[in-house]
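Chains, contacts and geometry: an overview
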Amino acid sequence: MADEKVCIGPPASADSYLRQDRILEVIKQTGAEAVHPGYGFLSENSDFSKAVEELGAKFIGPKEYAIDSMGDKIHSKKIALDAKVNTIPGFVGEVHDDTELLKACNEIGYPVMIKASAGGGGKGMRIAWNDEEARKGFQLSKREAAASFGDDTIFVEKFIENPRHIEIQILVDSFGNGTYLNERECSVQRRNQKVMEEAPSSFVDPATRAAMGKQALQLAAAVGYQSAGTVEFLMDKNKDFYFLEMNTRLQVEHPITEMTTKVDIVEEMINIAAGRKLRYKQSDIGIHGWAFESRVYAEDPYREFLPSIGLLTKYREPTGSHVRVDTGVTEGSEISMFYDPMISKLCTHGDTRAQVSPGLLRQDIEPETLIFI
């Protein structure tokens, strides 16, 4: 799809996609006017966004203050509180040792969630139902956070039992105009990582949707947000919702929002970065049908879903007006050890939830469209 490609290093991301110096050099060589960071690697790195802007190119994403403010879960929770956004009850601050930990846990009341402040992707998180589990979870979370993020800062909050994971997609320009593009539900997860998403949620009613959208935009305004972003909430059985985190980048699951709102999110990100006004008012945003995204992983279900590497010997994509497949592989591609095991995203769209639910849709997909490794 690209008109030009430039090698930035060997397969290991530490020697290529995470090498800011090499990417910045490519910007200089090619005269690129803007950089879209995608949804991984340096997409939420404020140093990189600043360096791109200093070169005279546009970083297609929010400004560094917003990235930093929302990147730290303790700091972002304080900002959310000040912005009158519902937050999960908990200890708003870093927990340094077992004494502080147990004091906070018993004040909040079990069960609690022990979390890495710099965390993401399900890493550095443990649920504790008593003091013994809290002590153990604290040490495990600190070690995992240090290894994954280089930051072992830990905080504690109330664990919401049987929650739904609901996120609000927003767009905000540099003129103070903002809109929310309804919600996505991402409750189907494995090891705190999303597996399947749908838009809209079958659980969220119009009044709750409006309240969540309003709070998402309040949070964005509090940090001077500009670009596309996603504010994630946990929702309990009573439809009470609580701020979880904000992702200051494009989300993996953005296609199902595009399908159900008819808004090209990436195009709007580019327009906002170019200094243009947002083209949509809230009244322009409707719900057009229903969409699901199913993430296709190269994993071995017989080995607790560990990543499975090797040659993609057979690959057939389903087709049709209701199907969209985003992928970076073809038949014969090598699935390597260097990247996330998600190799494609199967998105389906229809008039009703029943038409596109994965269980029913399976009847319409021929056997040869399955993936084998």
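Please refer to the structure higher up on the page.
Cut-off values and rules
Residues numbered from 1 in each chain as written. Predicted model: local features only at pLDDT ≥ 70, side-chain atom pairs only at ≥ 80, totals over all residues. Heavy atoms only, no water. Salt bridge = Lys/Arg side-chain N within 4 Å of Asp/Glu carboxyl O. Helix = DSSP H or I, 4+ residues; strand = E, 2+ residues; numbered from the N terminus. Buried < 20%, exposed > 50% of the residue type's maximum accessible area, 1.4 Å probe, protein only. Contact = heavy atoms within 4.5 Å. Patch = residues over 30% accessible without salt bridge, like charges linked within 9 Å, V, L, I, M, F, W, Y side chains within 5 Å. Areas by Shrake-Rupley, 256 points an atom, 1.4 Å probe, with all protein chains shown as cover. Lys, Arg positive; Asp, Glu negative; His and termini not counted. Charge placed at Lys NZ, Arg CZ, Asp CG, Glu CD. Axes fitted to C-alpha atoms, helices over the stretch in contact; angles between N-to-C directions. Parallel < 35°, antiparallel > 145°, perpendicular 65-115°, else oblique. Left-handed = near helix turned anticlockwise from the far one by under 90°. Nonpolar A, V, L, I, M, F, W, Y, C, P; charged D, E, K, R; others polar. Phe/Tyr/Trp six-rings, centres within 6.5 Å; stacked < 30°, edge-to-face > 60°. Lys NZ or Arg CZ within 6 Å of the ring centre and 35° of its normal.

What about the pattern of salt bridges?
If you walk through the whole model with that rule in mind, you get 28 salt bridges. When the shortest N-O distance is used, the salt bridge between Glu-245 and Lys-73 registers 2.9 Å. Note that Glu-245 is positioned in strand S11 (residues 241-247) and Lys-73 in helix H4 (residues 73-82), a separation of 172 residues in sequence. Taking relative accessible area as the criterion, Lys-73 reaches 9% and is therefore assigned buried. Among the ionic pairs, Glu-253 bridges to Lys-194, the shortest N-O distance being 2.8 Å. Residue Glu-253 is found in the loop between S11 and helix H8 (254-261), and its partner Lys-194 is found in strand S9 (residues 193-199); the two are separated by 59 residues along the sequence. Across the pair, Lys-194 and Glu-253 agree in class, each one buried. Several salt bridges share partner residues, and in doing so they unite Glu-167, Arg-184, Lys-194, Glu-197, Glu-232, Glu-253, Glu-293 and Arg-295 into one network.

Overview of the environment of Phe-305
Examined against the element boundaries, Phe-305 turns out to sit in the loop between strand S13 (299-300) and strand S14 (306-307). Given the relative accessible area of 31%, Phe-305 is considered partly exposed. Residues Phe-305 and Met-125 lie 180 residues apart in sequence; the distance between their C-alpha atoms is 19 Å. Beyond its immediate stretch of four places on either side in the chain, Phe-305 contacts Arg-190, Arg-191, Glu-299 and Asp-300.

Some words on a negative patch on the surface
Where like charges cluster on the molecular surface, the negative patch consists of Asp-47, Glu-54, Glu-64 and Asp-68. Listing elements by their share of the negative patch, those giving two or more residues are helix H2 (46-54) and helix H3 (64-71). The topology assignment puts Asp-68 in helix H3. Given the relative accessible area of 43%, Asp-68 is considered partly exposed.

A word on the packing of helix H1 (residues 20-30) against H2
Following both chains from N to C, one finds H1 and H2 inclined at 25°, their axes separated by 11 Å at the closest point. Put simply, H1 runs roughly parallel to H2. Handedness of the crossing formed by H1 with H2: right-handed. Contacts between H1 and H2 involve Gln-20, Ile-23, Leu-24 and Ile-27 from the former and Asp-47, Phe-48, Ala-51 and Val-52 from the latter.

Some words on the packing of helix H5 (residues 98-108) against helix H6 (residues 131-149)
Following both chains from N to C, one finds H5 and H6 inclined at 130°, their axes separated by 10 Å at the closest point. Accordingly, the angle class assigned to the pair H5 and H6 is oblique. Remark: the crossing between H5 and H6 carries right-handed chirality. Residues Asp-98, Leu-101, Leu-102, Cys-105 and Asn-106 of H5 lie in contact with H6, whose contacting residues are Asp-131, Ala-134, Arg-135, Phe-138 and Gln-139. Each residue belonging to the contact of H5 with H6 can be placed in one class, and the counts come to 5 nonpolar, 2 polar and 3 charged.

Concerning the packing of aromatic side chains
One pass over the full model with this rule turns up 6 aromatic pairs. Look at Trp-129 and Phe-159: their rings are 6.3 Å apart centre to centre, the planes differ by 70°, and that puts the pair in the edge-to-face class. Placement of Trp-129 in the loop between strand S5 (125-128) and H6 and of Phe-159 in the loop between strand S6 (154-158) and strand S7 (164-172) is noted, with a sequence separation of 30 residues between them. Among the aromatic residues, ring-to-ring pairing joins Tyr-17, Phe-41, Phe-338 and Tyr-339 into one connected group. Positioned over the ring face of Phe-203 is Lys-239, at 5.2 Å from the centre of the ring. A cation over an aromatic ring shows up here: Lys-277 above the ring of Phe-175, its NZ or CZ 5.4 Å from the ring centre.

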